[in-house]
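Chain by chain, the residues:
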Amino acid sequence: MDLKDLEIELNNCNQCSFRKDCISPVGWYGNPESPIVFVGEGPGGVEDEYGCPLIGPSGQLLDKALWAAKMTRDRVLATNVIKCRPKNNRTPDVAEADFCGRAWLDKELQIIQPKVIVALGGVALHYLGTSEMRITRDRGQWFRTRQGFDCIATYHPAFLLRLYGKQLVTAKWDVFHDLEMARNRAAELAPGYQFMSEEKVDLFKLFHKRSM
Ligand code: URA
């Protein structure tokens, strides 16, 4: 099975109640050959509308952080634990994340075989690591995921969007260092891989609005 086949299956998924409240599942975007994969929580409203992960406000901030760490979205791959937008954008609980993650994310990772994963925020950290892990304590440190990949966690961009002042500056630097560390490890393990294009990708030019 390749990612194309998996995408067709994902689009037909009806395995849980999230499906009825969203426009359609949101899969992954980026280069399947990428040695680095970014795993977020799940689609928000803009992601549901456009069918692209991390395209809304969080994604825009992620793109800026990636650019600073010399990566562009077309050269890496971004995805989520949860594929369907939860009603009212609520945070999925551990059981919900586990159900969707096992159904889809594990299969993506099995196909992509990334050298390095970056968990964005608590939901991804709990799914890839353990539910005892804490983003504030465990970010910036390497661990082995349940699926057998090297992973580092960093703050979710939505968390940064809620900060201001000194806290924001500190958190932004933390994210920058985490991304740099992840990129360096991936570059070591995939020598010669280009993590960056000459320009940032405008995801709104590639994806079009969809409706229920
Ligand atoms: N937050 C996420 O974690 N993923 C998205 O795709 C959008 C917002």
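Residues numbered from 1 in each chain as written. Predicted model: local features only at pLDDT ≥ 70, side-chain atom pairs only at ≥ 80, totals over all residues. Heavy atoms only, no water.

1. With respect to the site of the ligand
What surrounds the ligand is the set G40, E41, G42, P43, G44, E47, P53, L54, N80 and H156. Backbone polar atom of L54 to an oxygen atom of the ligand: 2.8 Å apart, as the coordinates give it. Between N80 and the ligand, the recorded distance is 2.7 Å, taken from a side-chain N or O atom to a nitrogen atom. Contact with the protein chains removes 92% of the 240 Å² of surface that the ligand exposes when unbound. Its residues assigned to classes, the shell around the ligand comprises 3 nonpolar, 5 polar and 2 charged. (Near = heavy atom within 4 Å. Polar contact = N/O pair within 3.5 Å; in protein donor to acceptor, adjacent residues only side chain to side chain. Areas by Shrake-Rupley, 256 points an atom, 1.4 Å probe, with all protein chains shown as cover. Nonpolar A, V, L, I, M, F, W, Y, C, P; charged D, E, K, R; others polar.)

2. Considerations on the environment of Y193
Mapped onto the fold, Y193 is located in the loop between α8 (165-189) and α9 (203-206). Residue Y193 is classed as buried on the basis of its relative accessible area, which comes to 17%. Residues Y193 and R75 lie 118 residues apart in sequence; the distance between their C-alpha atoms is 9.0 Å. Not counting residues within four places of it along the chain, the set of residues in contact with Y193 comprises N31, E33, S34, P35 and R75. A polar contact of 2.5 Å, which involves the side chain of Y193, links it to the backbone oxygen of R75. (Helix = DSSP H or I, 4+ residues; strand = E, 2+ residues; numbered from the N terminus. Buried < 20%, exposed > 50% of the residue type's maximum accessible area, 1.4 Å probe, protein only. Contact = heavy atoms within 4.5 Å.)

3. Observations concerning the sheet that holds strand β1 (residues 29-30)
The strand order across the open sheet built from 6 strands is β1-β3-β2-β4-β6-β5, with neighbouring strands paired in mixed fashion. In the strand order of this sheet, the two ends are held by β1 and β5 (143-144), each with one partner. Both strand β2 (residues 36-40) and strand β3 (residues 77-80) contribute to a ladder of 4 bridges, which runs parallel. Paired with G40 across the bridge in β3 is N80. Sheet contacts for helix α4 (residues 94-112): β2, β3 and β4 (116-120); angle to β3, the most-contacted strand, approximately 160°. Sheet strands touched by α8: β2, β4 and β6 (150-154). Its angle to β6, the strand with the most contacts, is close to 165°. (Pairing = 2+ DSSP bridges. Axes fitted to C-alpha atoms, helices over the stretch in contact; angles between N-to-C directions.)

Remember, this is a structural readout, not a statement about activity or role.
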